[in-house]
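A structural walkthrough
One letter stands for each residue in the lines below.
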Amino acid sequence: MEFLDIVPEWPGSAHDSRIFQNSRIYMRYLEHQLNGILVGDAGYPCLPFLMTPINNPVTDEEITYNNIQSRTRNIVERTYGVWKRRFPCLSRGLTTKLLCSTIIVVACAVLYNMSLRFNDNLPDDDSDEEQDEDVHVPEPNWQPADGFAFREALSVCLMHKNYKSIFILLHNFLLFEKQT
């Protein structure tokens, strides 16, 4: 999995959700410049383009949705692990000034992406990298319930393994996004 957007200038104490809501990729989704759906952990808001886990799932549909959502999110977490193994300075923490640290983080992301394109894997990368699936403030145009309604419809379709309905649901969502 490649890095498509990176926001290195925030301190480590900043919450991921705050960083995301101030990122270019978030703004591009709000302005309907990007299609697709992101996955995030429970610390993120549930939006039509950002699927988060259901708190305290009760039904089989909700439990199945959370399992699938978690497995999808694990791809991202594994990518961070591989990235930090390739560039140990990211795991140890940088002791440089902020400007230098942001340059180092961006350079590590660019070099990581290049290593993927040139198929330059670390010796123990093979066990961690599986087939990756393309599946991660101003007020959005959606009502707060839109993300929850979309997530609920998606979880019901997943439970019944109704992949045609999932395709139609996603297709209609992307059409709606382009029209607004």
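Anything mentioned here points back to the structure above.
Scope of this entry: the structure provided in the associated data block.

Parameters and conventions
Residues numbered from 1 in each chain as written. Predicted model: local features only at pLDDT ≥ 70, side-chain atom pairs only at ≥ 80, totals over all residues. Heavy atoms only, no water. Core = buried A, V, L, I, M, F, W, Y, C linked by side-chain atoms within 4.5 Å. Buried < 20%, exposed > 50% of the residue type's maximum accessible area, 1.4 Å probe, protein only. Contact = heavy atoms within 4.5 Å. Salt bridge = Lys/Arg side-chain N within 4 Å of Asp/Glu carboxyl O. Helix = DSSP H or I, 4+ residues; strand = E, 2+ residues; numbered from the N terminus. Patch = residues over 30% accessible without salt bridge, like charges linked within 9 Å, V, L, I, M, F, W, Y side chains within 5 Å. Areas by Shrake-Rupley, 256 points an atom, 1.4 Å probe, with all protein chains shown as cover. Phe/Tyr/Trp six-rings, centres within 6.5 Å; stacked < 30°, edge-to-face > 60°. Expected span 1.5 Å × (residues − 1). Arc of directions from axis to C-beta.

We now examine the nonpolar core. Judged by nonpolar contacts, Phe-20, Ile-25, Tyr-26, Tyr-29, Leu-30, Leu-38, Tyr-44, Leu-47, Phe-49 and Leu-50 together constitute the single largest core of 10 residues. Contact partners of Ile-25, with chain neighbours within four places excluded, come to Asp-5, Phe-20 and Leu-34. Counting residues in each nonpolar core, the second largest holds nine residues, with Phe-87, Leu-90, Cys-108 and Ala-109 among its members.

Before going further, it helps to spend a moment on the pattern of salt bridges. Two side chains carrying opposite charge are able to pair once their charged atoms lie near each other. Scanning the model with the defined rule gives three salt bridges in all. In this structure, Arg-24 engages Asp-5 in a salt bridge whose closest nitrogen and oxygen atoms are separated by 3.1 Å. Here Asp-5 lies in the segment before α1 (16–21) and Arg-24 lies in helix α2 (residues 24–30), a separation of 19 residues in the sequence. By relative accessible area, Arg-24 is classed as exposed at 58%. Among the salt bridges present, the one from Arg-86 reaches Asp-120, with a minimum N-O distance of 3.7 Å. Of this pair, Arg-86 sits in helix α3 (residues 60–86) while Asp-120 sits in the loop between α5 (98–117) and α6 (145–159), placing them 34 residues apart in sequence.

Let us look at a nonpolar patch on the surface. Taken together, the side chains of Val-106, Val-110, Leu-111, Met-114 and Phe-118 present a nonpolar region at the surface, about 460 Å² in accessible area. Secondary-structure assignment places Met-114 in helix α5. A residue is classified by how much of its surface remains accessible, and Met-114, at 40% relative accessible area, is partly exposed.

Attention now moves to the packing of aromatic side chains. Scanning the entire structure with this criterion turns up eight aromatic pairs. With 6.4 Å between their ring centres and 45° between their planes, Tyr-80 and Trp-83 make a pair best called tilted. With Tyr-80 and Trp-83 both in helix α3, this residue pair falls three residues apart, about one helical turn. You can call Tyr-80 partly exposed: its relative accessible area is 36%. Joined through ring pairs, the aromatic side chains of Phe-20, Tyr-26, Tyr-29, Tyr-44 and Phe-49 make up one cluster.

Within the secondary structure layout, Leu-99 lies in helix α5. A relative accessible area of 63% places Leu-99 in the exposed class. Considering only alpha carbons, one finds Leu-99 and Pro-8, 91 residues apart in sequence, at a separation of 9.5 Å.

Below, the discussion takes up the side chain of Asn-66. When you line up the elements, Asn-66 lands in helix α3. Classification of Asn-66 by relative accessible area gives buried; the value is 13%. Excluding residues that lie within four positions of it along the chain, Asn-66 makes contacts with Pro-53, Ile-54 and Pro-57.

This part takes up unusual backbone geometry. Backbone geometry places Asn-56, a non-glycine residue, at a positive phi of 50°. Within the secondary structure, Asn-56 is located in the loop between β2 (50–51) and α3. Phi at Asn-119 is positive, roughly 55°, even though this residue is not glycine.

The next thing to look at is α3. Taking 1.5 Å per residue, 27 residues should reach 39 Å; α3 reaches 39 Å between its end C-alpha atoms and fits that length. Taken together, the buried positions of α3 are occupied by Glu-62, Tyr-65, Asn-66, Gln-69, Thr-72, Arg-73, Ile-75, Val-76, Thr-79, Val-82, Trp-83 and Arg-86.

Right, let's get into α5. Taking 1.5 Å per residue as the helical rise, α5 with its 20 residues ought to reach 28 Å, and the 29 Å between its terminal C-alpha atoms agrees with that figure. The set of residues buried in α5 consists of Ser-101, Thr-102, Val-105, Cys-108, Ala-109, Tyr-112, Asn-113 and Ser-115. Angularly, the buried residues of α5 cover 160° about the axis, an arc narrow enough to put them on a single face. Within α5, the exposed residues directed more than 90 degrees away from the buried face are Leu-99, Ile-103 and Arg-117. Looking at the buried residues of α5, the elements they touch are α3 and α4 (89–92). Taken from the residues just after α5, Asn-119 is the one with a positive phi, measuring 55°.

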